[in-house]
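Descriptive structure summary
If you want the building blocks of each chain, they are given just below.
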Amino acid sequence: MNETKKEQENFYFNLRHKMDHFLKSKTGRNHKYAKYLLFAPDIFYLLIQVVRDPRVSGKDKAMVAGAISYFILPVDLIPEGLIGPGGFIDDLVVASFILQTIVNNLSPDIIRDHWAGDEDGLAIINKLAALSDKVLKKGTLPALLKKFQK
């Protein structure tokens, strides 16, 4: 296994562990977006698999690679390093936006082939699109940013 693939798998398993632990805690169970945070590891895994799939165009892979980078990079709008797993909300919004942008270019089989979660991957992408709309249109993201900049 090459080093990059191993690092990505480690990120996935670490994220899965952090999210499971967080969502079992009192803070996690009561988190406003707990039901969405649960999907962060599966979305990350999907992004990794889509970028490796030869059926996906180079343009779509480039957009997906950007979403993967946003997940991995420690500096983003809501940094996980400062607020914990709840900080993956903005990562999910970015991933959702990218997936919604390219999903019409992809065969539904690509999503189904690479989805690691228990529920239907396309249904989850639609749920995350609703989250993105909520976060971006109602000013939730700016409110969250102000909360954590204090």
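Preceding block: the structure.
Residues numbered from 1 in each chain as written. Predicted model: local features only at pLDDT ≥ 70, side-chain atom pairs only at ≥ 80, totals over all residues. Heavy atoms only, no water.

Overview of helix H4 (residues 40–52)
This is how the line gets drawn: Where helices and strands are cited, they refer to DSSP runs of H or I of at least four residues and of E of at least two residues respectively, numbered from the N terminus. Residue count minus one, scaled by 1.5 Å, sets the expected span of a helix. Residue exposure (1.4 Å probe, protein chains only): buried if accessible area is under 20% of the type maximum, exposed if over 50%, otherwise partly exposed.
With 13 residues, H4 ought to run about 18 Å at 1.5 Å a step, and its terminal C-alpha atoms sit 19 Å apart, in line with that. Most of H4 sits inside the fold, with 10 of its 13 residues counted as buried. All of the buried residues in H4 are Ala40, Pro41, Asp42, Ile43, Phe44, Leu46, Leu47, Ile48, Gln49 and Val50.

Observations concerning the nonpolar core
Within soluble globular proteins, side chains that are nonpolar tend to cluster in buried spots. Inclusion rule: Take the buried residues of types Ala, Val, Leu, Ile, Met, Phe, Trp, Tyr and Cys, join any two whose side-chain atoms come within 4.5 Å, and each joined set is a nonpolar core. Contacts were defined at the residue level, with two residues in contact if any of their heavy atoms lie within 4.5 Å.
Core analysis: the biggest nonpolar cluster contains 40 residues, and Ile43, Leu47 and Phe71 have the highest contact counts within it. Mapped by element, the contributors of at least two residues to this core are helix H1 (3–24), helix H3 (34–37), H4, helix H5 (58–72), helix H7 (89–102), helix H8 (108–114) and helix H9 (121–137). Not counting chain neighbours up to four residues away, the residues in contact with Leu47 comprise Val64, Ala67, Ile68, Phe71, Ala95 and Leu99.

With respect to the packing of H4 against H7
Convention followed: Axis angles are defined between N-to-C directions and span 0 to 180 degrees, where every axis is a line fitted to C-alpha atoms and, for a helix, only to the segment in contact. Orientation labels follow simple angle bins: below 35 degrees gives roughly parallel, above 145 gives roughly antiparallel, 65 to 115 gives roughly perpendicular, and whatever is left gives oblique. The hand of a helix crossing depends on one turn: near helix anticlockwise from the far one by less than a right angle means left-handed, and clockwise means right-handed. Just so you know the grouping, Ala, Val, Leu, Ile, Met, Phe, Trp, Tyr, Cys and Pro go in nonpolar, Asp, Glu, Lys and Arg go in charged, and all remaining residues, Gly too, go in polar.
It is at 11 Å that the axes of H4 and H7 come closest, and there the two elements cross at 45°. With respect to H7, the element H4 is oriented oblique. The two elements H4 and H7 cross, and the hand of that crossing is left-handed. Counted together, Ala40, Ile43, Leu46, Leu47 and Val50 of H4 and Leu92, Ala95, Leu99 and Ile102 of H7 form the full contact between these two elements. Here the contact of H4 with H7 is built from residues that sort into 9 nonpolar, no polar and no charged.

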